[in-house]
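A structural walkthrough
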Amino acid sequence: MTRILTDEQLDYSDVLFQPKRTTLNSRSEADVLREYAFRWYPKTLKACGIMAANMATTGTFEMNDALEKFNAITCLHKHYTAEQLVAYFKKPHPLTFICTGLKDNKDNLFKLLGENPHIDKLCVDIANGYIPNLLKFVKELRTRFPHILLMAGNVVTGDMTQDLILSGADIVKAGIGPGSVCITRSQTGVGRPQLSTVLEVSDAAHGVGGMICADGGCTGPGDVAKAFGAGADFVMLGGMLAGTDEAAGKRVERLVQTDFFEPDGKTLKTEKRLFKEFYGMSSQLAQQKHFGGMAKYRTTEGREKLIPYTGPVAHVMEDILGGVRSTMSYIGATKLKYIPKCTTFYRVNRQLNTVFANMKDID
Ligand code: 5GP
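These lines cover the structure that appears in this document, whether it is placed above or below. A quick note: this is a predicted structure, and the numbers were derived from the prediction, not measured.

Structural notes on the sheet that holds strand E14 (residues 304-308)
Judged by pairing direction, the sheet is antiparallel, and its three strands sit side by side in the order E12-E13-E14 without closing on themselves. Strand pairing shows two members of the sheet lacking a second neighbour, strand E12 (251-262) and E14, which therefore form its edges. Going from strand to strand, the sheet's axes swing by 45° on average, the running direction of each strand aside. Where strand E13 (residues 265-279) lies against E14, five bridges are found, and the strand directions are antiparallel. Within E14, the residue paired with Tyr279 across the bridge is Glu304. Running at roughly 35° to E13, helix H9 (residues 284-291) makes contact with E13 and E14 of the sheet.

Concerning the packing of aromatic side chains
What the rule picks out here adds up to nine aromatic pairs. Judged by centre distance (4.3 Å) and plane angle (20°), the rings of Tyr36 and Phe234 are stacked. Here Tyr36, found in strand E2 (residues 34-37), pairs with Phe234, found in strand E11 (residues 234-237); they are 198 residues apart in sequence, far enough to count as distant. Classification of Tyr36 by relative accessible area gives buried; the value is 0%. Aromatic side chains Tyr88 and Phe89 sit 5.8 Å apart centroid to centroid with 85° between the ring planes, which places their arrangement in the edge-to-face category. Comparing Tyr88 with Phe89, the two get one shared label, buried.

Considering the pattern of salt bridges
The final tally for this structure, using the stated rule, is 16 salt bridges. Glu8 is the partner of Arg347 in a salt bridge, and the nearest nitrogen-oxygen pair spans 2.9 Å. Of this pair, Arg347 sits in strand E15 (residues 345-347) while Glu8 sits in the segment before strand E1 (15-17), placing them 339 residues apart in sequence. Overall, the relative accessible area of 45% leaves Arg347 in the partly exposed class. Between Asp215 and Lys173 there is a salt bridge, with its nearest N and O atoms 2.8 Å apart. Here Lys173 lies in strand E9 (residues 171-174) and Asp215 lies in strand E10 (residues 211-215), a separation of 42 residues in the sequence. Like Lys173, Asp215 is buried. Through salt bridges with shared partners, a single ionic network connects Glu8, Asp14 and Arg347.

Here we look at the site of the ligand
Residues in contact with the ligand amount to 20 residues; listed here are only the nearest, Ser180, Thr184, Asp215, Ser282 and Glu301. Bound to the protein, the ligand loses 89% of the 520 Å² it would expose on its own. Its residues assigned to classes, the shell around the ligand shows six nonpolar, twelve polar and two charged. Built from parts of two domains, the shell around the ligand gets at least three residues from each of domain 1 (12-245 + 312-351) and domain 2 (251-308).

Considering the sheet that holds E11
Ordered by their spatial adjacency, eight strands build a closed barrel running E4-E5-E6-E7-E8-E9-E10-E11, and the pairing between neighbours is parallel. Neighbour-to-neighbour, the strand axes of the sheet open up by a mean angle of 25°, direction not taken into account. When strand E4 (residues 50-52) meets E11, the two strands line up parallel, connected through three bridges. Bridge assignment links Ala52 to a residue of E11, and that residue is Leu237. Contacts from helix H4 (residues 132-144) reach strand E6 (96-100), strand E7 (121-125) and strand E8 (149-155), with the element oriented near 175° to E8.

Overview of the packing of helix H3 (residues 106-115) against H4
Where H3 meets H4, the closest approach of the two axes is 12 Å, and the angle between their N-to-C directions is 30°. Between H3 and H4, the crossing angle belongs to the class labelled roughly parallel. Crossing of H3 over H4 shows right-handed handedness. Contacts from Lys106, Leu109, Phe110 and Leu113 of H3 reach H4 at Phe137, Glu140, Leu141 and Arg144. Residues belonging to the contact of H3 with H4 are distributed by class as follows: five nonpolar, no polar and three charged.

Comments concerning helix H7 (residues 194-207)
Between its first and last C-alpha atoms H7 spans 20 Å; for 14 residues at 1.5 Å apiece the expected length is 20 Å, and the two agree. Along H7, the residues that are buried comprise Gln194, Leu195, Ser196, Thr197, Val198, Val201, Ser202, Ala204 and Ala205. Backbone geometry just downstream of H7 places Gly209 in the positive-phi region, at approximately 80°.

Quick notes on unusual backbone geometry
Omega for the peptide link from Gly153 to Asn154 comes to 15°, which places this bond in the cis form. Structurally, Asn154 can be placed in strand E8. The phi angle at Asn71 is positive, at roughly 55°, despite the residue not being glycine. Tracing the backbone shows Asn71 in the loop between helix H1 (61-68) and strand E5 (73-75).

Points about H1
Structural remark: α-helix, 3.6 residues per turn; residues separated by three or four positions point the same way. Within H1, burial applies to Phe61, Met63, Asn64, Ala66 and Leu67. On its buried face, H1 sits against E4, E5, helix H2 (82-88), E6 and helix H10 (313-331).

Reading the values: the criteria
Residues numbered from 1 in each chain as written. Predicted model: local features only at pLDDT ≥ 70, side-chain atom pairs only at ≥ 80, totals over all residues. Heavy atoms only, no water. Pairing = 2+ DSSP bridges. Helix = DSSP H or I, 4+ residues; strand = E, 2+ residues; numbered from the N terminus. Axes fitted to C-alpha atoms, helices over the stretch in contact; angles between N-to-C directions. Contact = heavy atoms within 4.5 Å. Phe/Tyr/Trp six-rings, centres within 6.5 Å; stacked < 30°, edge-to-face > 60°. Buried < 20%, exposed > 50% of the residue type's maximum accessible area, 1.4 Å probe, protein only. Salt bridge = Lys/Arg side-chain N within 4 Å of Asp/Glu carboxyl O. Near = heavy atom within 4 Å. Areas by Shrake-Rupley, 256 points an atom, 1.4 Å probe, with all protein chains shown as cover. Nonpolar A, V, L, I, M, F, W, Y, C, P; charged D, E, K, R; others polar. Domains from an automatic or database assignment. Parallel < 35°, antiparallel > 145°, perpendicular 65-115°, else oblique. Left-handed = near helix turned anticlockwise from the far one by under 90°. Expected span 1.5 Å × (residues − 1).

This is the structure in structure tokens:
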């Protein structure tokens, strides 16, 4: 018989942090760097836990160059050629992952990893992390390349998380359907609210010595903090970084109409705004750009979007890390690693006051 799981399933917007007594007098005392030690990878890493998604728009060399200054990680998209990667890694990039799917050329990947031991962080990213070939590939990679930091996904449950870690993954990428340009949920009916995913998957991973990356669904610094609060070791961002100079989407200008208030009443104003193109990796646009069209058996599970232009990614990162530091000072977490220990969430039915949501700020 078909079962219905009745445990409440929550998103980031369903909770808020409970403030607590703290030893921090200022957010500047909060340390957002963490020293990571892994289940399989023999080295340690010092990073702030934020990752740029391996999407064609956000997983760029330019993004990596900028994020390194914040000790943030970039998962490069998989459309760079081996030659481009080798040339890029001539300079040390200790926080940079390369990426592959299951259908990409394995021989080329093995050659790249085998001949370039300093390229030692690999993300195996597929939409449905439950297919048996992923586990098989993770095992093969771990056997052939015991020295690499291996991240694999995506899944949303503890059982598959543990399988992946025990098969050789250091980090499991968690999230099916929460992404800002993802339409998996409407196309397939499959998915899980992201906070509940992170809670279960992180607990399962930590139980067997692994880590997780909460992938997708963050809409602001508060959501990033909530992902850490729910137990994520890393948080992956697409949309939040896609409006920046370092993202690869084209910059376009659009006329937009906004409501604003004149002294004698509300009026509509038309003004020029800058946007950047952003698209899901299984959107029609991505299939056309990177695979020369869409295979007949597939349906698109991503969409295209214009994201407001936000300038250099450094501004966005300062905003995110400022927000996370502030969360830490509210809940008494002196270090990034301690956030989950200091987290108690309130279940809420309204996170924000949205009364002015449609109004443009006027100074
Ligand atoms: P965001 O931070 O924009 O909410 O989510 C980014 C994540 O969305 C990516 O890391 C990836 O897991 C997921 N994603 C990217 N492109 C697509 C797509 O076309 N379809 C689906 N279902 N998910 C996508």
